[in-house]
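Here are the chains, one letter per residue:
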Amino acid sequence: MPTRLFPTTRSTAATAPGALPLLGHAPAFVHRPLDFVAGLAAHGDLVRIRLGPLDAYVACHPELVRRLLADHRTYDKGGLVLDEAREVLGDGLATCPAATHRRQRRMLQTAFHPDRLPDHAAMMAEEIAGTTAPWRHGDTVDVPAAMHRLATAVTARCLVAAPERAGSLPVHASMAAVTRGVARRGMMPLPGADRLPTPGNRRFRRARQDLREVTRRLIAHYRADASDHRDLLSVLLGARDEDGQGLSDAEIHDHVVTFLLAGTETTAATLSWAWALLAANPAVRDRLHTELDTVLDGRPARHEDLPSLPLTARIVSETLRLYPPVWILSRTVTTDTELGGHHLPAGATVLFSPYLLHRRADLFPCPDRFDPDRWLTTAHPAAGTYIPFGLGARRCIGDTFGTTEAALAIATIAARWTVTPTPGRPVRPTRGSSLAPRPFTATLARRSR
Ligand code: HEM
């Protein structure tokens, strides 16, 4: 990690250059968000930006990000990106304030206890097999759409284990519309723009309503039949706090929608990027095939295979470094404070970006290169440098779930298929608060070993 002596004086952070009158940095933030945010590190450790009428600070140094995330009461959930997500996720675990977080997190922790992972992994393996069963040699697939279907099937199944019920969840279309809405609105720094009667805003509101209705019906169904289905919804219904109180229907609704959105978009994006990166790096792909042929011998991957698939694991880590799906996050300052010697007033928005940190050349040499083997020597990067799952009390609760799902899907699919993006059309990121690739097609070739 770069060593830095932060000033002890309480100065104001420098403003990034290039602000336009009235709009400030909003055009750059909206039109080329990744380059703009990654470029801020050159202007200081804590940099001020202006998005139209809003001011925000961006923490660019890993030590500042570590301090920020270690103190989740001073830097609470809120600010630009979060406020939009709250419209959909309500007070679910990812968006609830620090004051109620501890109770909720303790109640939900058992859902992601390592003991449950083998059950989840078995369901993941079935859904991976089901999603890929119709694939034929020579088929062309829309990769992000296929990975979204796969990740939705997995999350829905782990939430509601009985396949006939999970299959009957009409969540896919409404989830995709809701997520697109959240991503677009989170990046729209003009106040009120999200309330205009545009087709996109109308689709978003309809989809949000559909999701509410589906979860309401499911909760009623589970409450009527009190058995443990060994799924996430059963854990939510059985969870009790220290006073023996359970979660209300409204709380369960927010958690279900949070798991669906947080668990699906992220893993789908990771898998989509992984196929693009492997195709662009055939030497890594060949080594992956060798690992899979040796360990799996043509069969689908199971949870117990994962310790024998270290290159697969490094490919997941490296994909998450280059393209962290949650690439930018915000916090709101609850009380006057200082960060890195700079004064931050209560109410200020602080942004931090896993993408920015992961692309710092002083933290990751040749940061734009896809090099899974860097994880042979960097197995435990310093706190705050590699944060695809965040850090501290608000770290992702589904981190192992997500990496297990990604590793099982990559191993099972790559063991049988070569996924080659259609030539001549570079895979590019979408513009939004989630870092996913734009739709791209690929040809599937059945591998002969
Ligand atoms: C590759 C997959 C995933 C990535 C990259 C990812 C990323 C993240 C990040 C960066 C955070 C921290 C947000 C913050 O600090 O504001 C987070 C939190 C969260 N994630 Fe994930 N996530 C993934 C998979 C999942 C899955 C599979 C689930 C659930 C099924 C999930 C559920 C959550 C929840 C509930 C939180 C809020 C935790 C809290 O505040 O206590 N995530 N995730």
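See the structure printed just above.
Residues numbered from 1 in each chain as written. Predicted model: local features only at pLDDT ≥ 70, side-chain atom pairs only at ≥ 80, totals over all residues. Heavy atoms only, no water.

A.B. asks: Explain the environment of His101 residue by residue, including any values.
C.D. replies: Here His101 is to be found in helix H5 (residues 98-109). Of the residues examined, His101 reaches a relative accessible area of 3% and is grouped as buried. Sequence separation between His101 and Ala393 is 292 residues, and the spatial gap between their C-alpha atoms is 8.8 Å. When residues no more than four places from it in sequence are discounted, the contact partners of His101 are His72, Leu93, Cys96, Ala393 and Arg394. (Helix = DSSP H or I, 4+ residues; strand = E, 2+ residues; numbered from the N terminus. Buried < 20%, exposed > 50% of the residue type's maximum accessible area, 1.4 Å probe, protein only. Contact = heavy atoms within 4.5 Å.)

A.B. asks: Please set out the site of the ligand residue by residue, giving values where relevant.
C.D. replies: Near the ligand, the surroundings consist of 28 residues, among which Lys77, His101, Arg105, Arg331 and Cys396 are the closest. Take Lys77: an N or O atom from its side chain is 2.6 Å from an oxygen atom of the ligand. Interatomic distance of 2.7 Å between a side-chain N/O atom of Arg331 and an oxygen atom of the ligand. It is helix H12 (residues 249-280) that provides the largest number of residues to the shell around the ligand, a total of seven residues. (Near = heavy atom within 4 Å. Polar contact = N/O pair within 3.5 Å; in protein donor to acceptor, adjacent residues only side chain to side chain.)

A.B. asks: Kindly report on unusual backbone geometry, identifying the contributing residues and their values.
C.D. replies: Phi angles above zero are rare outside glycine, and Leu22 is one such case at about 65°. Among the structural elements, Leu22 can be located in the segment before helix H1 (26-31). For Leu22, a relative accessible area of 77% gives the class exposed. Despite not being glycine, Cys366 shows a phi value in the positive range, around 45°. Look at Cys366 and you get partly exposed, because its relative accessible area is 46%.

A.B. asks: Kindly report on the packing of H12 against helix H13 (residues 282-296), identifying the contributing residues and their values.
C.D. replies: Packing of H12 against H13 leaves a shortest axis separation of 5 Å and a crossing angle of 105°. It follows from the interaxial angle that H12 and H13 lie roughly perpendicular. Each of Leu278, Ala279 and Ala280 in H12 lies in contact with H13, whose residues at this interface are Pro282, Val284, Arg285 and Leu288. Of the residues contributing to the contact of H12 with H13, the split by class is six nonpolar, no polar and one charged. (Axes fitted to C-alpha atoms, helices over the stretch in contact; angles between N-to-C directions. Parallel < 35°, antiparallel > 145°, perpendicular 65-115°, else oblique. Nonpolar A, V, L, I, M, F, W, Y, C, P; charged D, E, K, R; others polar.)

A.B. asks: So, the packing of helix H7 (residues 143-159) against helix H17 (residues 399-416): which residues are in play, and what are the values?
C.D. replies: Viewed as axis vectors pointing N to C, H7 and H17 meet at an angle of 130°, and their least axial separation amounts to 12 Å. Comparing the axis directions of H7 and H17 gives the class oblique. In this structure, H7 meets H17 at a crossing whose hand is right-handed. Contacts from Met147, Leu150, Ala151, Val154 and Cys158 of H7 reach H17 at Phe401, Glu405, Ala409 and Ile413. For the contact of H7 with H17, the per-class residue count stands at eight nonpolar, no polar and one charged. (Left-handed = near helix turned anticlockwise from the far one by under 90°.)

A.B. asks: Give me the sheet that holds strand S1 (residues 46-51): which residues, what numbers.
C.D. replies: The mixed open sheet is built from five strands, whose spatial order is S1-S2-S8-S5-S3. The sheet is open, and its two edges are formed by S1 and strand S3 (75-77), each paired on a single side. When strand polarity is set aside, the average angle formed by the axes of neighbouring strands in this sheet is 40°. Sheet analysis places strand S2 (residues 54-59) next to strand S8 (residues 349-352), joined by four bridges and oriented parallel. In the strand pairing of S8, Tyr57 is matched with Val350. Of the strands in this sheet, S1, S2, S3, strand S5 (329-333) and S8 touch helix H3 (residues 62-70), which is tilted by about 125° from S8. (Pairing = 2+ DSSP bridges.)

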